[in-house]
Amino acid sequence: EPEVTQTPSHQVTQMGQEVILRCVPISNHLYFYWYRQILGQKVEFLVSFYNNEISEKSEIFDDQFSVERPDGSNFTLKIRSTKLEDSAMYFCASSTAGTGNQPQHFGDGTRLSIL
Amino acid sequence: AQTVTQSQPEMSVQEAETVTLSCTYDTSESNYYLFWYKQPPSRQMILVIRQEAYKQQNATENRFSVNFQKAAKSFSLKISDSQLGDTAMYFCALSLPNAGANSKLTFGKGITLSVRP
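Remember, predicted model here, so these are calculated numbers, not experimental data.

### Remarks on the overall build of chain A
Then, number 1: Regarding its fold elements, chain A presents zero helices and eleven strands.
Then, number 2: Along the chain direction, N to C, the helices and strands of chain A fall in the order β-β-β-β-β-β-β-β-β-β-β.
Then, number 3: The C-alpha radius of gyration of chain A comes to 13 Å, within 12% of the 13 Å expected for a compact globule of 115 residues.
Then, number 4: Each principal axis of the C-alpha atoms in chain A carries an extent, and together these give about 40 × 30 × 30 Å.
Then, number 5: Here chain A holds 115 residues, and 48% of them are scored as buried.
Then, number 6: For chain A, the proportion of contacts with a sequence separation of at least 24, taken over those separated by at least 6, is 55%.
Then, number 7: Carbon and sulfur atoms make up 44% of the accessible area of chain A, which amounts to about 5,600 Å² in all.

### Observations concerning unusual backbone geometry
Then, number 1: The amide bond that connects Thr7(A) to the next residue, Pro8(A), takes the cis arrangement and shows omega of -10°.
Then, number 2: The phi dihedral of Ala16(B) falls on the positive side, at around 80°, and the residue is not glycine.
Then, number 3: With respect to the secondary-structure elements, Ala16(B) resides in the loop between β2 (10-14) and β3 (19-21).
Then, number 4: Looking at Ala16(B), the relative accessible area reads 51%, which means it is exposed.
Then, number 5: Of note, Asn62(B) is a non-glycine position whose phi angle comes to about 55°, a positive value.
Then, number 6: Counting through the fold element by element, Asn62(B) comes out in the loop between β7 (60-61) and β8 (64-69).
Then, number 7: Taking relative accessible area as the criterion, Asn62(B) reaches 78% and is therefore assigned exposed.

### Let's talk about the sheet that holds strand β3 (residues 19-24) of chain A
All names here are of chain A.
Then, number 1: Reading across the sheet, the four strands line up as β1-β3-β8-β7 and stay open at both edges, with antiparallel pairing between neighbours. Every other strand in the sheet has two partners, leaving β1 (5-7) and β7 (65-68) as the edge strands with one partner each. Within the sheet, the average angular offset between the axes of one strand and its neighbour, ignoring direction, is 20°.

### Some words on the interface of chain B and chain A
Then, number 1: With 25 residues of chain B at the contact, the number on the chain A side is 31 residues.
Then, number 2: Buried surface at the junction of chain B and chain A, both sides included, amounts to about 2,300 Å², of which 51% is carbon and sulfur.
Then, number 3: Linking chain B with chain A are one salt bridge.
Then, number 4: Here Lys104(B) makes a salt bridge to Glu56(A), at a shortest N to O gap of 3.1 Å.

Criteria and thresholds
- Residues numbered from 1 in each chain as written.
- Chains lettered and ligands numbered in written order.
- Predicted model: local features only at pLDDT ≥ 70, side-chain atom pairs only at ≥ 80, totals over all residues.
- Heavy atoms only, no water.
- Helix = DSSP H or I, 4+ residues; strand = E, 2+ residues; numbered from the N terminus.
- Rg over C-alpha atoms; globule rule 2.2 N^0.38 Å.
- Buried < 20%, exposed > 50% of the residue type's maximum accessible area, 1.4 Å probe, protein only.
- Contact = heavy atoms within 4.5 Å.
- Areas by Shrake-Rupley, 256 points an atom, 1.4 Å probe, with all protein chains shown as cover.
- Pairing = 2+ DSSP bridges.
- Axes fitted to C-alpha atoms, helices over the stretch in contact; angles between N-to-C directions.
- Buried area = accessible area lost by both parts, 1.4 Å probe.
- Salt bridge = Lys/Arg side-chain N within 4 Å of Asp/Glu carboxyl O.

Okay, structure coming up:
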């Protein structure tokens, strides 16, 4: 069964550095999402992306965050200048349609640790 | 705004027994979708079951079933004949239909379920 894949599985970065988290959504999916989960807290929505544009973003997704689909297969999340509070598990998801009746398929996540 | 609450942080059940995981939610919308996702120790979140709010019939998927009480805004997951492989974190989530181009998921905090041999 096709899967969403995320790399790396664990990223350790110094505060203030840029980090890029990578995701390869399922190939026929058109809608893409990033979520994050700070340890012990809820999974929180960051951003959704469709047709090469951001469809919706949360208040967490400030100017330090950006997303891109550079080559038609990868979907990346960039954090320009990381802060300690960016330490979290980041999940990528994709779905065939943007309506709730089509489930989102999740990757394994990238654990981001900011030192 | 939507909220999802899972008040039990963890539960334990004996193998082959039945366990019910609780979830409540709040939304002002009349139509929405509810989900239970399972996240085993291998980390990938997998959809367990889905319920459409306009359907009165409770969804079932093999050993998994839900008790959807729309008026009470309650959406519990029942796992029958628990198996060791059911050990995981379980997340309750809600989404709205046609929320712009996409429909984000609003998650609860999750509950850790341990199945004892």
